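Examining the three-dimensional arrangement
Letter by letter, the chains look like this.
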Amino acid sequence: MSTAGIIFANLHDSNLPELTRQRSMGSVPFLCRYRFIDFALSNMVNADISSIGILAHYNYYSLMDHIGSGKNWDLARRSGGIQILPPNVSAYAETPATYYNTRLEALKYNIFNIERIQDDLILMCQCDCVANFDFGELLSEHESSGADITIVTKKVHLTTQESRNHVIFDSNSDGKITDIHVKPNDITGYKDVSLNVIVISKKLLVTLIHDAISHNFTSFYRDIISRNLTSKNIKLFRWDGYYADILNFEDYFRTSMDLISNEENRNAVFGIRNRPVLTKVRNSPPTVYGDNCKVSNSLIADGCIIEGKVENSILFRGVKIGRNACIKNSILFQGAQIGEHVSLNCVVSDKNTTIRDRSVLSGNESLPYYISKGRMI
Amino acid sequence: MYTKKECVAMLLAGGRGSRLYKLTDKIAKPAVPFGGKYRIIDFTLSNCINSGIDTVGVLTQYQPMVLNEYIGTGEPWDLDRSVGGARVLPPYQGTTSDWYKGTANAIYQNLNFIARYDPEYVLILSGDHIYKMDYSKMLDYHKERNADCTIAVIDVPIEQASRFGIMNTYDDGRIYEFEEKPPNPKSTHASMGIYIFSKDKLFKYLTEDEEDPESSKDFGKNVIPKMLNNGETMFAYPFSGYWKDVGTLESLWEANMDLLGDNPEFYLNDRRWRIYFRNYALPPHYIGCEAEVKNSIITEGCNIHGCVINSVLSNGVVVEPGAVVKDSIIMANTCIKKGAEINYSIIDTEVVVGENCRIGAPRADNVKITLVGSELEIDPGVTIEPGSMINAADLASLKNKNN
């Protein structure tokens, strides 16, 4: 069966207010050269899904810039390929306030695009996670199990606090979902939490969306999944590979730092030979290391010029580190210009920041210091 | 369909580059990797697009597979065009065609390609130099002087002049004499192998040259001297700036090293004259806790845990803990195992250097460069003497000798 992909590029933007001021969740830069949407896109492309729609709600300029024609994912196709689906703003439409916010509202809004899909199955996912999923295995499991809907979950240990951020499932021994708890208040222990990756037949999805429109439903989990638990065969697919949720800015920082030091996790995302993480390729020259630099335990993109000291840090493209500067536990986005004798610790600097000679800035591991786009310090 | 272009470039990329020895066993010289991310041909192709020339015929012949794949549609250089763009031109069968027998013959066999675009001017290039040059300025120079042929020249030290083809010119730049490798050079204007011809003259002289059984079908040896003898208007276009023929292992090594340092001799990070190249999305490179990196170039996909000094590393290179790489060029996806030591060497792609191997010797005046060919697996503890050039056969005989 052929499969089309739907990616939600703006869901949960508000989790990362610092980084999504001028961009969508999908285009938040991550780990030297990637954007979050690269994981979703690559996972789909690596499972031979070649017809992908990206539902973008707002702030999607950087997303469009990143995706371009889709050629970096081999998705610049005459048939299928990639399509960015922004809201349809018309001179005669009602006010923008009626735009969608949730997953289901986005699907309702785009029902005409979904009805046009030619494929049998639809795989839906979002952009606020880091994982190299085997979607091929997921799709064949969905087909062989005869499920109407398959939802990917991960078994994790939850505290009461954490359970409020998740959708949690109960299931029987066959993997059939028997109950659903959407952001519950009081569930603890090892539970199956939703990774928001959903496989469903196109036909069923269209029926469910029309049903949602006529009933004015707004939540995919509360209104669709929970109402159909008995009438439909909804199964879970438990993922036991690496998965990092980005629920807030601290998660973003912690996940980045973990991927520097933890080679096993890094290889679980980037080291799978037949499932490479694809991204936009640029034209940066290689990185130049100076005579007096000292670099350890760091991930570094191309196009950097490094003359100072860099430790436990992530440097994006075209970052320049001046002499005798000392960068520790920091994440410097594209184009940061760091002067001489600068000292940074636990800093996340957005694109194109300039930090002048002898500045000293420090955050804390649980509260990294954020410097906004284009700032000069 | 309207296909006219003012100027078409023809890039001669069919040569082997035999003085690069085992580096060009499996690939043509223009496809030899350079500077961590590039191949030699990138410089010429980027010069073309940066000079506004969007139609480039690339003539391939020797070991063309990697080169053809690399050029592909020409997309990395913005040379994927509906009309024109980069076009690979291999030798072909036909009533009057054959293998390319010389630079002039190669162009002659593709006059039909040039004719499709009905250009006023034809730019002849070779894909084996590292330089940044604005061909449009040379074309302006050619047009202003109403020349039949313009040849780019660069000043070389007089003591080296006898290694080059030397253009002797009047004060206004007009060429009156061409001497190939003269023992007593009269000037220091060395030909860079870059020619602009007015189309009609090029067609005329290539057709005549083809009919001449005595001719060796070479621009430098036959076509240029003949045009001079016939009194055609020929000018030397003076170029100044970085220009390096990377035809030998030493010059290839030097050109790579010219990228290093605070003020590199050759600057790659030039926003106004970008060098484009084909690349793939590899993860960022990782520098480990015990690594030491000084005065080097490192690129995507590398994993560095050892010591890298004064070296240029291509993508996907692994340097394990305790390994030392010094004054060397390591090409893509090569792995240097624990404790190995590499000095003043060029290691080709996909090589595994076993634990505690010794390759080459520290750089000194009388030490020659060492070359290890591609896709070799060198057993742990093996020593490769400085100045040697190793391919699979050499490695097998080295093994037998040690046993």
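Remember, predicted model here, so these are calculated numbers, not experimental data.

**Focus: the overall build of chain A**
In terms of regular secondary structure, chain A is built from 10 helices and 28 strands. Computed over its C-alpha atoms, the radius of gyration of chain A comes to 22 Å, within 12% of the 21 Å expected for a compact globule of 377 residues. Taken along the three principal axes of its C-alpha coordinates, chain A extends 65 × 50 × 40 Å. Expressed as a percentage of the 377 residues in chain A, the buried residues total 56%. Long-range contacts, defined here as pairs at least 24 residues apart, represent 58% of the contacts in chain A between residues at least 6 apart. Total accessible area on chain A stands at roughly 15900 Å², and carbon and sulfur atoms take up 44% of it. Both charge centroids of chain A, one from 40 positive and one from 40 negative side chains, sit 5 Å from each other.

**Details of the interface of chain A and chain B**
Accessible area lost when the parts come together is the quantity often used to give the size of an interface. In this complex, chain A contributes 36 residues to the contact, which on the side of chain B involves 32 residues. Interface area for chain A against chain B, summed over the two sides, is near 2800 Å², with a carbon-plus-sulfur share of 48%. Area buried by chain A at its contact with chain B is led by Asn283(A), Pro286(A) and Tyr289(A), which between them contribute 23% of it. Taken together, the links from chain A to chain B amount to 4 salt bridges. Salt-bridge contacts for Lys37(B) lead to Asp302(A); the nearest nitrogen and oxygen are separated by 2.5 Å. If you look at where chain A meets chain B, you find 21 residue pairs in polar contact (both at pLDDT 80 or more). Breaking the side of chain A that touches chain B down by element, the ones donating at least two residues are helix 10 (263-270), strand 14 (287-289), strand 15 (294-296) and strand 16 (298-300) of chain A. When the residues that make up the side of chain A that touches chain B are grouped by side-chain class, the tally is 18 nonpolar, 9 polar and 9 charged. Bridge count between strand 14 of chain A and strand 16 (residues 296-298) of chain B: 3 bridges; the pairing is antiparallel. Pairing of Thr287(A) across the sheet is with Ile298(B), part of strand 16 of chain B.

**Describing the sheet that holds strand 24 (residues 343-345) of chain A**
Sheet strands pair by backbone hydrogen bonding; their relative direction is either parallel or antiparallel. All names here are of chain A. Spatially, 15-18-21-24-27 is the arrangement adopted by the 5 strands of the open sheet, whose pairing is parallel. Of all strands in the sheet, those with a lone pairing partner are strand 15 and strand 27 (360-362), marking the two edges. Ignoring strand direction, the axes of neighbouring strands in this sheet form an average angle of 5°. Two elements, strand 15 and strand 18 (residues 309-311), share 3 bridges in a ladder whose sense is parallel. Across the sheet, the residue bridging to Ser296 is Glu311, located in strand 18.

**Observations regarding the packing of helix 6 (residues 199-211) of chain B against helix 7 (residues 219-229) of chain B**
Residue and element names in this part refer to chain B. At their nearest, the axes of helix 6 and helix 7 sit 10 Å apart, and the two run at 120° to each other. In this structure, helix 6 meets helix 7 at a crossing whose hand is right-handed. For the pair formed by helix 6 and helix 7, the contact residues are Lys201, Leu202, Tyr205, Leu206, Glu208 and Asp209 on the first element and Phe219, Asn222, Val223, Lys226 and Met227 on the second. The residue inventory of the contact of helix 6 with helix 7, partitioned by class, reads 6 nonpolar, 1 polar and 4 charged.

**Quick word on the pattern of salt bridges**
Here the structure, examined in full by the defined rule, presents 33 salt bridges over all chains. Of the charged contacts, one joins Lys143(B) and Glu6(B) as a salt bridge, the two residues approaching to 2.7 Å between their closest N and O atoms. Remark: Glu6(B) occurs in the segment before strand 1 (7-12) and Lys143(B) occurs in helix 5 (residues 135-144); sequence separation between them is 137 residues. With relative accessibility at 32%, the residue Lys143(B) sits in the partly exposed group. Connected through shared salt-bridge partners, Arg33(A), Asp302(A), Lys37(B) and Glu300(B) make up one network.

**Focus on empty space enclosed by the protein**
Residue and element names in this part refer to chain A. Per the counting criterion, the structure on display carries 3 cavities of 30 Å³ or more. Put simply, the largest cavity is a space of about 170 Å³. As for the largest cavity, its lining consists of 14 residues, of which Arg33, Arg35, Arg282, Arg317 and Gln334 are closest to the centre. Of all the elements in the fold, those that place two or more residues in the lining of the largest cavity are strand 3 (34-35) and helix 2 (61-67). By residue class, the composition of the lining of the largest cavity is 5 nonpolar, 3 polar and 6 charged. Structurally, the lining of the largest cavity is a two-domain feature, drawing no fewer than three residues from each of domain 1 (3-270) and domain 2 (288-371). Approximately 60 Å³ is the volume found for the second largest cavity. Forming the walls of the second largest cavity are 13 residues, and the residues nearest its centre are Ala40, Cys125, Gln126, Cys129 and Phe133.

**Some details on the packing of helix 9 (residues 249-261) of chain A against helix 10 of chain A**
All names here are of chain A. Contact geometry of helix 9 with helix 10 gives a least axis separation of 5 Å together with a crossing angle of 100°. Our classification of the angle between helix 9 and helix 10 gives roughly perpendicular. Two secondary-structure elements touch here, helix 9 through Asp258, Leu259, Ile260 and Ser261 and helix 10 through Glu263, Asn265 and Arg266. Classifying every residue of the contact of helix 9 with helix 10 gives 2 nonpolar, 2 polar and 3 charged.

**Some words on the confidence of the model for chain B**
Should the pLDDT be low somewhere, the predicted coordinates at that spot are not to be read in detail. Confidence along chain B averages 94 in pLDDT terms, with 100% of residues attaining 70 or more. Predicted as a complex, the structure gets a pTM of 0.93 and an ipTM equal to 0.92.

**Details of the side chain of Gln109(B)**
Residue and element names in this part refer to chain B. With respect to the helices, strands and loops of the structure, Gln109 is situated in the loop between helix 3 (103-108) and helix 4 (111-117). Residue Gln109 is classed as buried on the basis of its relative accessible area of 5%. Only 3.1 Å separates the side chain of Gln109 from the backbone oxygen of Asp98, close enough to count as a polar contact. Residues in contact with Gln109, not counting those within four places in the same chain, are Tyr92, Ser97, Asp98, Trp99, Tyr100 and Lys101.

**Some points on helix 1 (residues 41-50) of chain B**
All names here are of chain B. For helix 1, the tally of buried residues reaches 9 of 10 residues, placing the bulk of the element in the interior. Three or more residues of helix 1 are buried, namely Ile41, Asp42, Phe43, Thr44, Leu45, Ser46, Asn47, Cys48 and Ile49. Looking at the residues trailing helix 1, positive phi occurs at Gly52, about 80°.

**Overview of the pairing of strand 11 (residues 189-198) of chain B**
In regular strands, side chains alternate between the two faces of the sheet. All names here are of chain B. Buried residues dominate strand 11, accounting for 8 of its 10 residues. Sheet topology places strand 6 (residues 121-126) next to strand 11; 4 bridges connect them, and they run antiparallel. Residue Leu123 lies in a different strand from strand 11, and its bridge partner there is Ile196.

**So, the nonpolar core**
Residues Met133(B), Ile194(B) and Ile346(B) are the most contacted members of the largest nonpolar core, which totals 78 residues. With sequence-adjacent residues up to four places away left out, Ile194(B) is seen in contact with Leu123(B), Ile124(B), Leu125(B), Tyr131(B), Met133(B), Tyr135(B), Met138(B), Thr150(B), Ile151(B) and Ala152(B). Ranked by size, the runner-up nonpolar core spans 71 residues in total, among them Phe135(A), Ile187(A), Val193(A) and Phe253(A).

What counts, and at which threshold
- Counting from 1, residues in each chain are numbered in the order their sequence is written.
- Labels are handed out in written order, letters beginning with A for the chains and numbers beginning with 1 for the ligands.
- In keeping with the predicted nature of the model, local features appear solely for residues at pLDDT of at least 70, side-chain atom pairs appear and are counted solely at 80 or more, and the whole-chain, interface and lining totals rest on all residues.
- Values shown for side chains rest on all heavy atoms present in the structure; no hydrogens or waters enter the calculation.
- Under the DSSP-based scheme used, a helix requires at least four consecutive residues in state H or I and a strand at least two consecutive residues in state E, with every element numbered from the N terminus.
- We compute the radius of gyration over the C-alpha atoms and compare it with the globule rule, which gives 2.2 Å times the number of residues raised to the power 0.38.
- When a residue's accessible area, from a 1.4 Å probe over protein chains only, is under 20% of the maximum for its type it is buried; when over 50% it is exposed; and in between it is partly exposed.
- The criterion used for residue contact is that any of the two residues' heavy atoms lie within 4.5 Å.
- Note on areas: Shrake-Rupley with a 1.4 Å probe; residue coverage comes only from the protein chains shown.
- Positive: Lys, Arg. Negative: Asp, Glu. His and the chain ends are not part of the count.
- Charged side chains are reduced to one point each, which is NZ for Lys, CZ for Arg, CG for Asp and CD for Glu.
- Throughout, buried area stands for the accessible area (probe radius 1.4 Å) lost by two parts on being put together, summed over both.
- The working definition used for a salt bridge is a side-chain nitrogen of Lys or Arg within 4 Å of a carboxyl oxygen of Asp or Glu.
- Polar contacts, as used here, are pairs of N or O atoms within 3.5 Å; protein pairs need one atom able to donate a hydrogen and one able to accept it. Residues neighboring in sequence count only if both atoms are side-chain atoms.
- All residues other than Ala, Val, Leu, Ile, Met, Phe, Trp, Tyr, Cys, Pro, Asp, Glu, Lys and Arg, Gly among them, are scored as polar; the first ten of these are nonpolar and the last four charged.
- Paired strands, in this sense, are two strands between which DSSP finds at least two bridges.
- Note on method: axes are straight lines fitted to C-alpha atoms, helices fitted across the in-contact stretch only, with angles between N-to-C directions ranging 0 to 180 degrees.
- Two helices crossing with the near one rotated counterclockwise from the far one by less than a right angle form a left-handed crossing, whereas a clockwise rotation gives a right-handed crossing.
- Cavity means a closed set of points on a 1 Å grid over the protein atoms alone, one where a 1.4 Å probe fits but cannot get out, pocket means an open set with protein on both sides within 12 Å along at least 5 of 7 lines, and lining means a residue has an atom within 4 Å of a point.
- Grid points are joined across faces, edges and corners, and a volume is the space filled by probe spheres set on the points.
- Note that domain bounds follow an automatic or database assignment of domains.
- Comment on the angle field: the value is read as roughly parallel under 35 degrees, roughly antiparallel over 145, roughly perpendicular from 65 to 115, and oblique elsewhere.
- Note on scores: pLDDT gives the predictor's confidence for each residue, bounded by 0 and 100.
- We call a set of buried residues a nonpolar core when its members are Ala, Val, Leu, Ile, Met, Phe, Trp, Tyr or Cys and they connect through side-chain atoms within 4.5 Å of each other.

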